[in-house]
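# Coordinate inspection notes
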Amino acid sequence: MTLTIKRIFKSPPLDEEILVHGWVRTLRKGGSVYFMELNDGSCFENLQIVIDVNNFSISLNQVNLGVAVAVRGKLVKSPAPKQPIELQAHSIQILGEHNFEEYPIQKKATSLEFLREIAHLRPRTNTIGAAMRIRSTVSYIIHKFFQERDFYYIHTPIITASDCEGAGEMFRVTTLEPGDTNIQTDFFCRNAYLTVSGQLEAEALALALGRVYTFGPTFRAENSNTTRHLAEFWMIEPEIAFFNLSDNIDLAEELLKYCCSAVLELHEADLHWLEKFNEFNLLKNLADFIDKPVNRITYTEAVEILRKNKDQFEFEPVWGDDLKTEHEKFLVDNYFKGAVVVTNYPKKIKAFYMYQNDDETVACLDFLLPRVGETIGGSQREHRYDKLLSRMTELGMDLENYKWYLDLRRFGSVPHSGFGLGLERFLLFLTGLKNVRDVIPFPRYPGNVDF
Ligand code: 4AD
Ligand code: MG
């Protein structure tokens, strides 16, 4: 079996004959030898291969940027100060075709916009490669965090009949032919959609297993062509029986900090590259976030702060309106200069399931991160049957459709809470990248499902 370059750097089998596979990054001549930088995607670092041209039958003209090769050789300590080890090649084999002239990824820097047009090749670049590696790690760490705290990983349905957020932004799932409107002949004999959140079903499991979480794909047909919205994104939704709003916020803060620490520890080289690429203090910002307690304010306090600075905004902040992106940005980037949790928004702008306070607000939270804005949305849930029923009736919801959800308030009901963490939004914070389309391999957004 061959070793990954990551493994080789971690525990180098010095003076042994080894086999590595990868894609060539550069080849340059130095005296009577050639130096090849080989990357296999397992880590940011390239392995340096030293090739003594006198020993080779292979034409090095074919060894271009992007070609896949297998190299056999002896791993030795490197005399060069910049790298600890190098491989003295004994044989190099080109593994497959590579049309270098037409290869769209060249040595010089390319824009992220251009790379989105070649989504199938862009993971081979330093930037997208780093984002994909960090995405994998943070996904694993999220599972680890919950598993260590007695949470069960549950799978909620992707096809559903309920609109959890009540915003009507659902993709319809149907087997009807265009023009056929007879719902009785549709697959489920009723309207079905792709889920916008697994929360409602997670509540049923939380009220049985205590602490649960989902981690799955989520779909929203919002026609938002922004740097923060995807039509298909991944959401992590913990749901916890016997938790109130403040327990919920503590958990969210602990989770985000835990993930940041792990990424800092495990992805130093990727982060250094991303810091250079993004031209700001990414590592320090992450370390600061871990060190400082997160600010917590109510929506009403937020609006007061914003109104005192209202000449800075396009939209005047008014109590009762949702916070706009510019307002969120002001709070995190200018006013607090750090993460902020905003709680207790007006009931009328939030979803039906949130616990109703006595003052027209609901016990909810929005977790705002610097540069990114809202990354988590959550709440304590309305567990009182009468209160929930009257809110649903007020909103004109189809009660028959949510009978099962109301049942959870009729049998063994308890206060419970949960939240949804948008993986891609969080990855913007972790990588310093600015567009969610660059932190998911194949982004879906209005007009784009090409790859
Ligand atoms: O605030 P949201 O809509 O909350 C819910 O869906 C709740 N049911 C979650 C819960 O309490 N279990 O979405 C949660 C998070 C947002 O804060 C954001 O990070 C992300 O999901 N998100 C999106 N990410 C990318 N593209 C979109 N279109 C997103 N919509 C929401
Ligand atoms: Mg939200």
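Residues numbered from 1 in each chain as written. Chains lettered and ligands numbered in written order. Predicted model: local features only at pLDDT ≥ 70, side-chain atom pairs only at ≥ 80, totals over all residues. Heavy atoms only, no water.

### Re the overall build of the chain
Heads up, the rule is: In DSSP terms, a helix is any run of H or I states spanning at least four residues, a strand is any run of E spanning at least two, and both are numbered starting from the N terminus. Categorising residues by exposure relies on relative accessible area from a 1.4 Å probe, with only protein chains included: less than 20% of the type maximum marks a residue as buried, more than 50% marks it as exposed, and the intermediate range marks it as partly exposed. Contact between two residues is taken to exist if any of their heavy atoms lie within 4.5 Å; hydrogens are not considered. Method for areas: the Shrake-Rupley scheme with a 1.4 Å probe, in which residue coverage is limited to the protein chains shown.
Of the regular secondary structure elements, the chain holds 12 helices and 16 strands. Within the chain, buried positions represent 51% of all 451 residues. Taking all contacts inside the chain whose residues are at least 6 apart in sequence as the whole, residues at least 24 apart take part in 67%. Looking at the chain as shown, the accessible area adds up to about 21,800 Å², and 51% of this sits on carbon and sulfur atoms.

### Concerning unusual backbone geometry
Phi is positive for Glu 279, close to 60°, though the residue is something other than glycine. Inspection of the secondary structure assignment puts Glu 279 in the loop between helix H6 (268–278) and helix H7 (282–291). Even without being glycine, Arg 371 reaches a positive phi, approximately 70°. Structurally, Arg 371 can be placed in the loop between strand S14 (364–369) and strand S15 (373–380).

### Here's the deal with helix H3 (residues 126–147)
Operational definition: For a helix, the expected span equals 1.5 Å multiplied by the residue count minus one.
Taking 1.5 Å per residue as the helical rise, H3 with its 22 residues ought to reach 32 Å, and the 32 Å between its terminal C-alpha atoms agrees with that figure. The element H3 is largely enclosed, with a buried count of 17 among its 22 residues.

### Topic: the packing of aromatic side chains
So the rule is basically this: Two rings from Phe, Tyr or Trp (for Trp, the six-membered ring) form a pair when their centres sit within 6.5 Å of each other. Planes less than 30 degrees apart are called stacked, planes more than 60 degrees apart edge-to-face, and all others tilted.
Summed over all chains, the structure comprises 19 aromatic pairs. Centroid distance Phe 146 to Tyr 213: 4.6 Å. Interplanar angle 25°. Geometry classified as stacked. Linking Phe 146 in helix H3 with Tyr 213 in strand S10 (residues 211–219), this pair joins segments that are 67 residues apart in sequence. Like Phe 146, the residue Tyr 213 is buried in the burial classification.

### Regarding the sheet that holds strand S8 (residues 172–173)
Operational definition: Pairing between strands requires that DSSP locate at least two bridges from one strand to the other.
Strand order in the open sheet formed by 3 strands is S7-S9-S8, with antiparallel pairing between adjacent strands. Edge positions in the sheet fall to strand S7 (159–160) and S8, since each of these pairs with one other strand and no more. Judged from the 2 bridges that link them, S8 and strand S9 (residues 192–194) form a sheet pairing that is antiparallel. Bridging from a neighbouring strand, Arg 172 pairs with Tyr 193 of S9.

### Overview of helix H5 (residues 245–266)
Put simply, the rule reads: Each polar contact in these results corresponds to two N or O atoms within 3.5 Å; when the atoms are within protein, one needs to be able to donate a hydrogen and the other to accept it, and residues that are neighboring in sequence are counted only if both atoms are side-chain atoms.
Over its 22 residues, H5 runs 32 Å from end to end, which matches the ideal 32 Å to within 8%, given 1.5 Å per residue. N-capping of H5 is provided by Asn 244, with a side-chain oxygen placed 3.1 Å from the backbone N of Ser 246.

### Section: the domain arrangement of the chain
Selection rule: Domain extents, as shown, originate in an automatic or database domain assignment. Buried area: the accessible surface (1.4 Å probe) lost by two parts on joining, summed over both. Should a side-chain nitrogen of Lys or Arg be within 4 Å of a carboxyl oxygen of Asp or Glu, the pair is scored as a salt bridge. Under the convention adopted here, Pro, Cys and the residues Ala, Val, Leu, Ile, Met, Phe, Trp and Tyr are nonpolar, Asp, Glu, Lys and Arg are charged, and Gly plus all remaining residues are polar.
In terms of domains, the chain is made up of domain 1 (5–103) and domain 2 (122–161 + 196–438). Domain 1 and domain 2 are separated by 44 Å when their C-alpha centres are compared. In total, about 650 Å² of surface goes out of reach between domain 1 and domain 2, with carbon and sulfur atoms giving 48% of it. Remark: the boundary between domain 1 and domain 2 carries 0 salt bridges. Counting every contact that joins domain 1 to domain 2 gives 3 residue pairs in polar contact (both at pLDDT 80 or more). Here the residues of the side of domain 1 that touches domain 2 are counted per class, giving 4 nonpolar, 3 polar and 2 charged.

### What about the site of ligand 1?
Worth spelling out the cut-off: What makes a residue near a molecule or strand is one non-hydrogen atom of that residue sitting within 4 Å of it.
Neighbouring ligand 1 are 24 residues, the closest being Glu 165, Gln 199, Glu 222, Glu 237 and Glu 374. Taking Glu 222, its side chain carries an N or O atom lying 2.8 Å from a nitrogen atom of ligand 1. Take Glu 237: an N or O atom from its side chain is 2.7 Å from a nitrogen atom of ligand 1. Contact with the protein chains covers 94% of the free accessible surface of ligand 1, which is 630 Å². For the shell around ligand 1, the secondary structure elements donating two or more residues are strand S11 (232–241), S15 and strand S16 (416–422). Considering every element that reaches the shell around ligand 1, the biggest residue donor is S15, with 5 residues. Counted by class, the shell around ligand 1 contains 7 nonpolar, 9 polar and 8 charged residues.

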